[in-house]
Amino acid sequence: MKWSGKYEAILFDLDGVLVDSLGVIERILREWAAEHGLDGDEAVALSHGRRDIDLIRLLAPHLDVEAETARIVATEERDTAGLRGLPGAAELLAALPSTLWAVVTSGTRAVGAPPRRAAARAPPPHHRQAAGEAVGKPHPHP
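Residues numbered from 1 in each chain as written. Predicted model: local features only at pLDDT ≥ 70, side-chain atom pairs only at ≥ 80, totals over all residues. Heavy atoms only, no water.

Caption draft 1: Local environment of the packing of aromatic side chains. Within the structure shown, the criterion is met by one aromatic pair. Pairing Phe12 with Trp101 gives two aromatic rings, centres 6.2 Å apart and planes at 75°, and the pair type is edge-to-face. Remark: Trp101 occurs in strand β4 (residues 101-104) and Phe12 occurs in strand β1 (residues 10-12); sequence separation between them is 89 residues. Residue classification places Trp101 among the buried residues on the basis of a relative accessible area of 2%. (Phe/Tyr/Trp six-rings, centres within 6.5 Å; stacked < 30°, edge-to-face > 60°. Helix = DSSP H or I, 4+ residues; strand = E, 2+ residues; numbered from the N terminus. Buried < 20%, exposed > 50% of the residue type's maximum accessible area, 1.4 Å probe, protein only.)

Caption draft 2: Main features of the pattern of salt bridges. In total, this model carries seven salt bridges according to the counting rule given. Here Arg84 and Asp20 are joined by a salt bridge, their closest N and O atoms 2.9 Å apart. Taken together, the residues span a long stretch of sequence, with Arg84 in strand β3 (residues 84-85) and Asp20 in strand β2 (residues 19-20) at a distance of 64 residues. Accessibility expressed as a relative area gives 44% for Arg84, which makes it partly exposed. Taking the shortest distance from any N to any O, the salt bridge between Arg57 and Asp54 comes out at 3.4 Å. Highlighted residues: Arg57 and Asp54, both in helix α3 (residues 52-59), separated by three residues, approximately one helical turn. Relative accessible area serves as the criterion here: at 44%, Arg57 is assigned to the partly exposed category. (Salt bridge = Lys/Arg side-chain N within 4 Å of Asp/Glu carboxyl O.)

Caption draft 3: Local environment of the side chain of Glu68. Assignment of secondary structure puts Glu68 in helix α4 (residues 65-78). Each residue touching Glu68, except ones within four places of it in the same chain, is listed here: Trp32, His36, Ile56 and Leu63. (Contact = heavy atoms within 4.5 Å.)

Caption draft 4: Representation of the packing of helix α2 (residues 40-47) against α3 in the model. As a packed pair, α2 and α3 sit with axes 10 Å apart at the nearest point and diverge in direction by 130°. The pairing of α2 with α3 is recorded here as oblique in orientation. Note on packing geometry: the crossing formed by α2 with α3 is right-handed. Two secondary-structure elements touch here, α2 through Glu42, Ala43, Leu46 and Ser47 and α3 through Leu55, Leu58 and Leu59. (Axes fitted to C-alpha atoms, helices over the stretch in contact; angles between N-to-C directions. Parallel < 35°, antiparallel > 145°, perpendicular 65-115°, else oblique. Left-handed = near helix turned anticlockwise from the far one by under 90°.)

Caption draft 5: Examining helix α1 (residues 22-35) more closely. Taking 1.5 Å of rise per residue, 14 residues should cover 20 Å, and α1 covers 20 Å from first to last C-alpha, within 8% of that figure. Within the span of α1, buried status applies to Val24, Ile25, Ile28, Leu29, Trp32 and Ala33. Viewed along the axis of α1, the buried residues span an arc of 160°, placing them on a single side of the element. Remark: Gly37 follows α1 within two positions and exhibits a positive phi of approximately 70°. (Expected span 1.5 Å × (residues − 1). Arc of directions from axis to C-beta.)

So, in structure tokens, the structure goes:
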């Protein structure tokens, strides 16, 4: 694969594009929801493309949103069982000039950094935007 140079930059989402983390994320959210007597299926359904803090505000505003977000993020940082790179992701990134692609994710930097990047066998991006650094998805800002 060779870079054609027709584009100024390419933005990649991390989860579901470079890394298969769906099973890990769903398991963590279901466990969190069960601890609070919430519907795990609803938590998973509402989580796609949302930052954890926005999910909790939507699903459980009666909880300490900041504290619960920190709990979920801490679990996602250390629980990497089942993460794997998606086919072709590492090869695609290796074929692109490193300064012309970025990772834009609704996950935090700590979650998306070493564990998930390692699962994808991806080099570190020169540019990255993570949760809390700008308006979250689905806003088109990133």
